[in-house]
Amino acid sequence: MGFLELANFIIRSCGCRGVVTLEMFRNLQNSEIIQQLTEKFEENSPEYPLSLSTQPWRRFRAGFCELVAVVVRQCQYGVVYDGFLMDTLISLLTGLSDSQVRAFRHTSTLAAMKLMTALVNVALGVSLHQENNQRQYETEQSKEPGRRATDRLETLLEKRRELREQQEEIENMMNAIFKGVFVHRYRDVVPEVRAICMEELGTWMRTYAASFLTDGYLKYLGWTLHDKQWEVRLKCVKALQGLYCRRDTAAHMELFTSRFKLRMVSMVLDKEPEVAVEVVKLLTLMLENMEEALTEEDCQSVYPMVYVSSRPLASAAGLFLYRRLLDPRRQPSRGGDNRTFFRLLLAFFIESELHEHAAYLVDSLWDCAGPRLRDWETISALLLEESPTEGLVDQQEKALVEILVASVVQAAEGQPPVGRGPAKKPSARERKAQVEERTRLTHCLIPALPQLLAKFSADAEKAAPLLEVLRCFDLSIYCTGRLEKHLELVLGQLQEVVEKHAGQAVLEAASRTLHALCDPELALHGRGDLVRSRLVDQLADKFHQEVTELLQASSLEEEEVYSMAATLKRISILF
């Protein structure tokens, strides 16, 4: 008997060695059969096929799910309505899903949920056939009485009755599985069982929204967002992503959104990073497909995530931030170009008051707005702008310099900033792209850097990071590209910075830059050595003069002592 083969396969898939015989099937109730199987079950071992995660058993699980789907698919035009196969199978799975034995409960719930998913596909097909039948009937009915085909009308009416009966039968089967299995197992003590229920519920809603995308079903997703196990919460969030990703399904989610939005927004702080990432992606979908759903207060809960150490979470939050605030196309009145993007970015960065974390902000936007962040021509033009109406104020200039440096470093190194995930080994293609990007940024910024240093050399907070930019260049391009005049200008500005400042940060930046320019491997290293020698001679002469004056003075002046100490500090950074 074919059904016994299927039933025993399911029993063996639970890890049970018991067998359902034809005599047992004919003479015993399902509960009695399950009781006998339970007695034969070896409960000493907690392992059973679905609990194992090795590759062969993962393949077994996929095959098990596919088998259930194939059974329904092969029977959908006849046997599924025979009143025996589906009814008996649903009854068996319902009984097993109520067992105290975890293996029975877990395996039968998976089978029942996959069976339901297959039946949902059949129900959708029947529904489409009904719509098609209705159109054909109306078309025939609309013809003039003399041209109507009476036989065809009767055939269509008969087909309509048949389809309606099939629809009712399928709905009864789905209702039996939902009430007999899902309603009890979505709160099972085993997290994997709860997760299966949530995953399949999301599939039903996406596949057959007309029947399942209602508040009566949605409430289960909302309630389970509070589940104690992160795997279950994750399945809920991913199921909701499938519903909010389309405007037509999102339009049916208004009541659900109003009831559960606070919970969804609060989950950006979920203790499990993987869940938090998917929640931010979910909120981004809501932002795109339900514009009015999220208030500014809701969005304020997401924005700070761009500064967290988890790169997946920061990148997801970066996309949310870009779509909500930074996309110039949302600001057509302001031009919609990259200048607009950088002004919006500056406004956010300054308002967030986390100015030492520009590298984290840039990295979070790298995947979604990388080409804009690498528009160094526009950044340079904004920084060099002198117009009182179009130019930037001091705070904006400082912030934009930090953003420029962070984007240059990330483009040159091809790695996220320190503290945001482990550095990964780039592939050959990524290395090639990185070399090309470094060449491009070098050609772009070689002419601009002397102008930027000339404008900001008196401001240590801007000069220090700008000096770091030069270390990201492919310095050989100064020679191969015949750009020595720009090198001379940069070296002159570098010397001026050392002479002007005594702060540790700016002097260390100057030292690192000068050291890079004096690399013996470079054809231009002689020019760097010349500037360093010139600086040493000047500072040595100045120090000698200051010491002489100090020894001859009758009393120590604080200003003279400070000047001499500053000169010593400048000399020390050159070696």
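Note that the coordinates shown come from a computational prediction; the quantities given were computed from them, not determined experimentally.

Visitor: Kindly report on the layout of surface pockets, identifying the contributing residues and their values.
Guide: The computed volume of the largest pocket comes to approximately 610 Å³. If you go around the largest pocket, you meet 25 residues; those closest to its centre are Ala-359, Glu-402, Val-405, Ala-406 and Val-409. For the lining of the largest pocket, the secondary structure elements donating two or more residues are α18 (358-373), α20 (394-413), α23 (460-470) and α26 (504-517). Among the elements that take part in the lining of the largest pocket, α20 stands out by supplying 6 residues, more than any other. Classifying every residue of the lining of the largest pocket by side-chain character gives 14 nonpolar, 4 polar and 7 charged. In this structure, the second largest pocket occupies an estimated 500 Å³ of space. Around the second largest pocket, the lining is made up of 17 residues, and of these Trp-366, Gly-414, Gln-415, Lys-424 and Glu-430 lie nearest the centre. When contributions to the lining of the second largest pocket are tallied by element, the ones reaching two or more residues are α18, α20 and α21 (428-445). Residues belonging to the lining of the second largest pocket are distributed by class as follows: 6 nonpolar, 4 polar and 7 charged.

Visitor: Tell me about the side chain of Ser-380, and please be specific about residues and values.
Guide: Locating Ser-380 in the fold gives a position in helix α19 (residues 376-384). With relative accessibility at 5%, the residue Ser-380 sits in the buried group. If we skip the residues at most four places from it in the chain, Ser-380 touches Leu-445, Ala-448 and Leu-452.

Visitor: Any chance you could break down the packing of aromatic side chains for me, citing the residues and the numbers?
Guide: Under the definition given, this model contains 25 aromatic pairs. Here the aromatic rings of Phe-3 and Phe-25 are separated by 5.6 Å at their centres, their planes lie at 40°, and the arrangement is tilted. Highlighted residues: Phe-3 in helix α1 (residues 2-13) and Phe-25 in helix α2 (residues 22-27), separated in sequence by 22 residues. Given a relative accessible area of 6%, Phe-3 falls into the buried group. Pairwise contacts between aromatic rings join Phe-178, Phe-182, Tyr-186, Trp-204, Tyr-208, Phe-212, Tyr-217, Tyr-220 and Trp-223 into one cluster. A cation over a ring is seen here: Arg-160 above Tyr-137, with NZ or CZ 4.6 Å from the ring centre.

Visitor: Please provide a residue-by-residue account of the packing of helix α27 (residues 525-552) against helix α28 (residues 558-573), values included.
Guide: The interhelical angle for the contact between α27 and α28, taken along N-to-C directions, is 150°, at an axis separation of 10 Å. One finds that α27 runs roughly antiparallel with respect to α28. Where α27 crosses over α28, the two elements pack in a sense that is left-handed. For the pair α27 and α28, contact is made by Leu-539, Ala-540, Lys-542, Phe-543, Glu-546, Val-547 and Leu-550 and by Glu-560, Ser-563, Met-564, Thr-567, Leu-568, Arg-570 and Ile-571, respectively. Grouping the amino acids of the contact of α27 with α28 by side-chain chemistry returns 8 nonpolar, 2 polar and 4 charged.

Visitor: Outline helix α14 (residues 273-289), listing residues and values.
Guide: An α-helical turn contains 3.6 residues, so any two residues separated by three or four positions project in the same direction. For α14, with 17 residues, the first-to-last C-alpha span of 25 Å sits near the 24 Å given by 1.5 Å per residue. Judged by how many residues are buried, α14 sits mostly within the fold: 13 of 17 residues are covered.

Visitor: Got a sec to walk through a negative patch on the surface? Specific residues and values, please.
Guide: Together, Asp-82, Asp-87, Glu-165, Glu-168, Glu-169 and Glu-171 line one region of the surface with negative charge. A per-element tally of the negative patch places helix α7 (residues 150-185) first, with 4 residues. Topologically, Asp-82 is positioned in the loop between α4 (55-75) and α5 (85-97).

Visitor: An account of the side chain of Thr-284 is needed here, citing residue identities and associated values.
Guide: Within the secondary structure, Thr-284 sits in helix α14. Residue Thr-284 is classed as buried on the basis of its relative accessible area of 4%. A polar contact is formed between the side chain of Thr-284 and the backbone oxygen of Val-280, at a distance of 2.8 Å. Residues within four places of Thr-284 in sequence aside, it is in contact with Ala-316, Leu-319, Phe-320 and Arg-323.

Visitor: Which residues make up the packing of helix α17 (residues 338-352) against α19, and what are the values?
Guide: Orientation of α17 relative to α19, taken along the N-to-C sense of each, is 65°, at an axis distance of 10 Å. Relative to α19, the element α17 is oriented roughly perpendicular. Taken as a pair, α17 and α19 cross one another with a handedness that is right-handed. Residues Asn-338, Arg-339, Phe-342 and Arg-343 of α17 pack against Thr-378, Ile-379, Ala-381 and Leu-382 of α19. The class makeup of the residues in the contact of α17 with α19 is 4 nonpolar, 2 polar and 2 charged.

Visitor: Hey, could you go over the state of the cysteines for me, with residue numbers and the actual values?
Guide: Under the criterion given, the structure shown has 0 disulfides. The thiol sulfur of Cys-197 is not disulfide-bonded, and the nearest other cysteine sulfur, from Cys-236, lies at 10 Å. Here Cys-299 stays free of any disulfide, with the sulfur of Cys-368 as its closest cysteine sulfur at 15 Å. The class for Cys-299 is buried, based on a relative accessible area of 0%.

Visitor: Can you tell me about the confidence of the model for the protein chain, naming the residues and giving the values?
Guide: When the pLDDT values of the protein chain are averaged, the result is 89; 97% of them are 70 or greater. The lowest-confidence element of the protein chain is α28, averaging 79 in pLDDT; the highest-confidence one is helix α11 (residues 230-244), averaging 97.

Visitor: So, helix α10 (residues 215-224): which residues are in play, and what are the values?
Guide: Tyr-217, Leu-218, Tyr-220, Leu-221, Gly-222 and Thr-224 are the residues of α10 that are buried. If you follow the buried residues of α10, they end up packed against α7, α8 (191-207), α9 (209-212), α11 and α13 (254-266).

Definitions and cut-offs
Residues numbered from 1 in each chain as written. Predicted model: local features only at pLDDT ≥ 70, side-chain atom pairs only at ≥ 80, totals over all residues. Heavy atoms only, no water. 1 Å grid on protein atoms, 1.4 Å probe; cavity = no way out; pocket = protein on both sides within 12 Å on 5 of 7 lines; lining within 4 Å. Points joined across faces, edges and corners; volume = space filled by probe spheres on them. Helix = DSSP H or I, 4+ residues; strand = E, 2+ residues; numbered from the N terminus. Nonpolar A, V, L, I, M, F, W, Y, C, P; charged D, E, K, R; others polar. Buried < 20%, exposed > 50% of the residue type's maximum accessible area, 1.4 Å probe, protein only. Contact = heavy atoms within 4.5 Å. Phe/Tyr/Trp six-rings, centres within 6.5 Å; stacked < 30°, edge-to-face > 60°. Lys NZ or Arg CZ within 6 Å of the ring centre and 35° of its normal. Axes fitted to C-alpha atoms, helices over the stretch in contact; angles between N-to-C directions. Parallel < 35°, antiparallel > 145°, perpendicular 65-115°, else oblique. Left-handed = near helix turned anticlockwise from the far one by under 90°. Expected span 1.5 Å × (residues − 1). Patch = residues over 30% accessible without salt bridge, like charges linked within 9 Å, V, L, I, M, F, W, Y side chains within 5 Å. Areas by Shrake-Rupley, 256 points an atom, 1.4 Å probe, with all protein chains shown as cover. Salt bridge = Lys/Arg side-chain N within 4 Å of Asp/Glu carboxyl O. Lys, Arg positive; Asp, Glu negative; His and termini not counted. Charge placed at Lys NZ, Arg CZ, Asp CG, Glu CD. Polar contact = N/O pair within 3.5 Å; in protein donor to acceptor, adjacent residues only side chain to side chain. Disulfide = S-S within 2.5 Å. pLDDT = per-residue confidence, 0-100.

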